[in-house]
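# Commentary on secondary and tertiary structure
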Amino acid sequence: MRGYALYLFKRLFQFCLVVFIGINVTYLITHATPIDPVEQTITAATAFGTTSPEAIAMMRRSLQDLYGTGGSGFDQWLAFWRRIVVGDFGPSLSAFPTPVSTLIRRALPWTAGLMLVATLLSWGLGNLLGGLAGYYRRNRLLKFAGIVAMGVHPVPYYIVAFVLLIIFGYLWPVLPITGAYAQGLQPGFSLEFAGSVIRHSLLPTASLVLVGIGGWFMGMRSLVSNVVTEDYTVYAELAGVRRRRILGAYVMRNALAPQVTGLAMTLGAIFNGAIITEQVFGYPGLGSLLVAAVHAGDYSLVIGVTTVSILAVSFAVLLVDVLYPLLDPRVQAR
Amino acid sequence: MGPILAVEGLKAYYQMRYFGTLREVRAVDDITLEIQRDEIYGLAGESSSGKSTLIKTIARAIRPPLNVVDGAVRFDFAGQGPRDIYTLSAPELAATRWRHLSYIMQGSMNVLNPVRRIRHSFVDFAFRHMSLPMPAFLRRVEEHLGHLSLRPDVLESFPHELSGGMRQRVTIALATVCRPDFIIADEPTTALDVVVQKGVLEMIRRLQREMGSSVLFVTHDMAVHANLTDRLGIMYAGRLVEEAPTRALFRQPLHPYTAHLIRSLPRIGDDTPRHGLEGRPPNLASPPPGCRFHPRCPLAMEVCQQTTPVMQELAPGHRVACHAAAQGILP
Amino acid sequence: MWKILRDLLRYNWEFTAGVILLAGVTIVALLSFVSPYPPLDVYVVAPDLPPSMEHWLGTTSRGQDVFWQLSVAIRNTLAFGIVVALISRVIALAVGLFAGYAGGPVDRLLMSVNDTFIVVPIFPILVLFYFVMRDQMSWGLLALVAACLGWAYDARLIRSIALSLKTREFTAQSAFSGMNAGEIVTREHLPYVMPVVFTTTMNNMNWSIGLEVTLSVLGFTDVNTPTIGGMIYWANQHAALVSGIWWWIAAPVALVIAVFVALFLLAVSMNEYIDPRSRLARMGGG
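Residues numbered from 1 in each chain as written. Chains lettered and ligands numbered in written order. Predicted model: local features only at pLDDT ≥ 70, side-chain atom pairs only at ≥ 80, totals over all residues. Heavy atoms only, no water.

Counting its secondary structure elements, chain C contains 12 helices and 0 strands. Helices (α) and strands (β) of chain C occur, in sequence order from the N terminus, as α-α-α-α-α-α-α-α-α-α-α-α. For chain C, the C-alpha atoms occupy an extent of roughly 70 × 50 × 30 Å along the three principal directions. The proportion of buried residues among the 286 residues of chain C is 53%. Just so you have it, chain C exposes about 12,300 Å², and 68% of that area is on carbon and sulfur atoms. Of the side chains in chain C, 16 bear a positive and 17 a negative charge, and the two mean positions are spaced by 11 Å. (Helix = DSSP H or I, 4+ residues; strand = E, 2+ residues; numbered from the N terminus. Buried < 20%, exposed > 50% of the residue type's maximum accessible area, 1.4 Å probe, protein only. Areas by Shrake-Rupley, 256 points an atom, 1.4 Å probe, with all protein chains shown as cover. Lys, Arg positive; Asp, Glu negative; His and termini not counted. Charge placed at Lys NZ, Arg CZ, Asp CG, Glu CD.)

Structure, rendered in structure tokens:
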């Protein structure tokens, strides 16, 4: 138990470090550049006309407050952090005066849901198929799956999403290619709504899974081909333990541990993919929000989304780390 | 009843195709031996002499690129009649393993699944052979652990929580809990310190006596052989070069290589300098012609470079493959 | 060295396929130097022509020849990948070798920072960067920032090798013979990590090119410099797919996929060359 506590403490420290460095990089980017974000934002926000002078003054105040362009460097830094700690990113400029936090809260569940399903699917399927491919080396079908995975794996999200869009949007239009649910539907706990959500999530999920699965597949396959030569696997085979049991409890179980670590390490990159996918399929999550915010020149929203993504990814990583000892008991002893 | 194990003309080669050419490494080359019921048969030789490959082949625990090229491995477990282990179907093999034929593996430190409790290993390995309900099975396992001075709570431990000696005793318990007819032990004590090693050897001996099993015990350590085994086979470069009852072999080795192995043992009160053998074991991808030992042999003659010596029984139960010994020249 | 290359070409289909693909792409990129049209000009040819003998890959709605535009674009995209790879290699080598050699608390600290850069979602940060820089955003600046964010994974790999080298005899020998840490690391350890550096270069180029394409497609870079992503961006701006100008999109997508697959195959085959275990598996399987 003491081992686990120490492990938890280390992971918590790493979590704090990630948040600290991530947020400070954000701070650095917004403050070390030669451009005055306040004036630039105001120009961008007022370019559409009809903004009252009072609104502009209020905007300027709130912006100066947010970016902390007044005061010394340290004061600015402190002000930046204070904003983040209390979760107040000010009002959105493109959807004035809705607070940024409200917009993010609205978008976050879509991204989180999409990510969760896509990650679990690609991780689970990739590991399962990769494990089988590593164990049953001579199976033709699994070999073929390996070649497909190898081919799709290096292609970035955008291209895969785009190809799916072309196929299912233009060549064979059977699936909805934009939005999170059919227009005109009332969000709620109805069967129709749920069905629509699932139908709309198919393509974005498919593109994420298609790209994600290859890496897990290949990683697991090579891990398994190493684990099958480990003494404990060879020994279990010698003892005549059933193949299925060896595959599950010996080979997969042991190969899975590094894959969980791998999952924690790639969560950030998977998140990148979600942003692109949402943009391509018009999915109303954080990614779409971020892109829209950039196009609308909505500074506070961009900072808000960036910060929340860093926090969300770090938290997801922490969660994976905390669950890891369930899979590998040795971690507590280290 | 005949011998429990008869190996006949067994050849197992590593066959590799890389960059278009076939390479063969003759790790086990034409080996014939028999192991009787209720005896401990020792197998000795330097590392890379092929002794590990031989027992892997005997246990049918080989995978490509190692292939059996020729020969037979016949086991005769109680009343079943001799059968070549390579002709058994997969279910027959699974039914034989652990019930009749079990294995204590080299590097026993890593043979237990690191992510599962010891209890699961016992269930996986032995439960299906015991025809007992689970609670009774676990009681039997606990009792058996007691024979090896292990407390029942090791069942709930993970391997990394046990010391090296305890892990070794757990693997021995695992290999013997079904009271198998034949146990293959591959360097089971090599990684242990001397005190623990002694205890483990005594346990193996005691269990073997009590169960009446046969043990094929492999180690390069001649001192262990001297203390434990009933009969001893010496391997060199993939071949069996000498075989005799252990006492006879130590009293009068007939093969110069065996003599060298015995001479290199430390003895209390003996401080004559020990001479290493010149040269290295041959490359088994292209072994020397004739006797494989001749480049290093102090007794080498012309015939040794051309003709491979065959095993001859020179004394009752004492076989040797050496031209010099056949002519009565003793090392 | 040449013998290794020859063996790889002869017996490793991944390597051969990767080399052939990459050679093809490189030729297309090199052709940009003899392009008959200035790459930045628009309306130099008739717009929206399908592929023909005169315009092999057709023309765009902006009056550019797709083939020649593509050739400049892939040159810039490849150059971007190479620059990012070079800069991030330097950082990864410095951090990895130093952490591995120093060990102890220094190593732990550096690896904590390192893991942070592995985990942090880079894309939103780059978008933020673009958002702040706007018109000042240039190709070189993006390369620099991408390199500063994309070294961590490889640094960890290099560090694990350096860590194993540290316990080897020759390191102690060098230290006793009076070499300082810097000399030992650069003269004795660097050669050992070079193979891994080559492999990770391929992977890193894949990563950075993917990043560039994605950012450009969304319009979050300097879209006036012709790149693969930039081409797709302009094609999207002109709704090329809807109006049936499919060749404008298909050509850059196909070419960039060729680059990804080529680099990936090279990385896989080199990795196999480095890792004797997978080589052994191949021997057994063959």
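Read on, since the account is not over.
All names here are of chain B. Sheet topology note: the strand E11 (residues 312–315)/strand E12 (residues 318–320) ladder contains 3 bridges and is antiparallel. What sits directly across from glutamine 312, in E12, is valine 320. What sits between E11 and E12 in their antiparallel hairpin is a turn of 2 residues, with glycine 317 showing a positive phi close to 75°. (Pairing = 2+ DSSP bridges.)

To continue, consider helix H5 (residues 164–176) of chain B. Taking 1.5 Å as the rise per residue, H5(B) with 13 residues should run 18 Å; its terminal C-alpha atoms sit 18 Å apart, in good agreement. Judged by how many residues are buried, H5(B) sits mostly within the fold: 11 of 13 residues are covered. Buried-residue contacts for H5(B) involve helix H9 (231–238) of chain A together with strand E6 (101–104), helix H3 (118–130), helix H4 (134–147), strand E7 (182–186) and helix H6 (194–211) of chain B. (Expected span 1.5 Å × (residues − 1). Contact = heavy atoms within 4.5 Å.)

To continue, consider the UniProt feature "transmembrane region" (unreviewed entry) in chain C. UniProt tags residues 12–34, 78–101, 113–133, 139–158, 209–233 and 245–268 of chain C as "transmembrane region" (unreviewed entry). Between the end C-alpha atoms of residues 12–34 of chain C there is a gap of 34 Å, over a span that is 83% helix and 0% strand. (UniProt positions renumbered as here; feature names shortened; annotations may be inferred.)

Turning our eyes to something else, we now look at the nonpolar core. Counting 240 residues, the largest nonpolar core has A:Tyr235, B:Phe122 and B:Phe182 as the members making the most contacts within it. Per-element tally for this core: the top contributor is helix H10 (residues 243–280) of chain A, with 19 residues. Apart from residues lying up to four places away in sequence, B:Phe122 is in contact with B:Phe127, B:Phe137, B:Val141, B:Leu145, B:Leu155, B:Val170, B:Ala173, B:Leu174 and B:Val177. Listed in part, the 20 residues of the second largest apolar core include B:Val25, B:Tyr236, B:Val241 and B:Cys297. (Core = buried A, V, L, I, M, F, W, Y, C linked by side-chain atoms within 4.5 Å.)

Summed over the entire model, instances satisfying the criterion amount to 23 salt bridges over all chains. Two residues, B:Glu156 and B:Arg119, come together in a salt bridge whose shortest N-O distance is 2.7 Å. Placement of the pair is B:Glu156 in the loop between H4 and H5 and B:Arg119 in helix H3, with a sequence separation of 37 residues. Across the pair C:Arg89 and C:Asp154 runs a salt bridge, and its minimum N-O distance is 2.8 Å. Of this pair, C:Arg89 sits in helix H3 (residues 66–102) while C:Asp154 sits in helix H7 (residues 152–166); the two residues are 65 residues apart in sequence, bridging distant segments of the chain. Of the two residues, C:Arg89 and C:Asp154, both sit in the buried class. When salt bridges that share partners are traced, they join B:Glu39, B:Arg231, B:Glu243 and B:Arg319 into one network. (Salt bridge = Lys/Arg side-chain N within 4 Å of Asp/Glu carboxyl O.)

Turning our attention to the UniProt feature "domain: ABC transmembrane type-1" (unreviewed entry) in chain C. As recorded in UniProt, the feature "domain: ABC transmembrane type-1" (unreviewed entry) lies at residues 74–267 of chain C. The distance from the first to the last C-alpha atom of residues 74–267 of chain C is 20 Å, and the span holds 82% helix and 0% strand.

Our focus in this paragraph is the packing of helix H9 (residues 181–217) of chain C against helix H10 (residues 228–237) of chain C. All names here are of chain C. Two elements in contact, H9 and H10, have axes separated by 7 Å at closest approach and are oriented at 25°. When the axis of H9 is compared with that of H10, the two are roughly parallel. The way H9 lies across H10 gives a crossing that is right-handed. Residues Glu212, Val213, Ser216 and Val217 of H9 form the contact with H10, whose own contacting residues are Ile228, Gly229, Gly230, Ile232, Tyr233 and Asn236. Along the lines of polarity and charge, the residues of the contact of H9 with H10 split into 5 nonpolar, 4 polar and 1 charged. (Axes fitted to C-alpha atoms, helices over the stretch in contact; angles between N-to-C directions. Parallel < 35°, antiparallel > 145°, perpendicular 65-115°, else oblique. Left-handed = near helix turned anticlockwise from the far one by under 90°. Nonpolar A, V, L, I, M, F, W, Y, C, P; charged D, E, K, R; others polar.)

Here we come to the confidence of the model for chain C. Residue and element names in this part refer to chain C. For chain C, the mean per-residue pLDDT works out to 83, and 95% of the residues sit at or above 70. No element of chain C has a lower mean pLDDT than helix H12 (residues 276–285), which averages 49, and none a higher one than H3, which averages 91. Below pLDDT 50 for its whole length, residues 282–286 participates in 9 contacts with residues either more than four positions away or in separate chains. What the predictor reports for the complex is a pTM of 0.80 with an ipTM of 0.81. (pLDDT = per-residue confidence, 0-100.)

What follows is about the interface of chain A and chain C. Contact with chain A, which involves 50 residues of that partner, is made by 46 residues of chain C. Summing both sides of the interface, chain A and chain C together bury roughly 4,200 Å²; the carbon and sulfur share of this comes to 81%. Linking chain A to chain C there are 0 salt bridges. Run the count over chain A and chain C and you get 2 residue pairs in polar contact (both at pLDDT 80 or more). Looking at the side of chain A that touches chain C, the elements that each hand over two or more residues are helix H1 (2–31), helix H6 (140–152), helix H7 (157–171), helix H8 (191–227), H10, helix H11 (286–296) and helix H12 (299–327) of chain A. With 10 residues, H1(A) is the single largest residue contributor to the side of chain A that touches chain C. Looking at the side of chain A that touches chain C residue by residue, the classes come out as 32 nonpolar, 17 polar and 1 charged. (Buried area = accessible area lost by both parts, 1.4 Å probe. Polar contact = N/O pair within 3.5 Å; in protein donor to acceptor, adjacent residues only side chain to side chain.)

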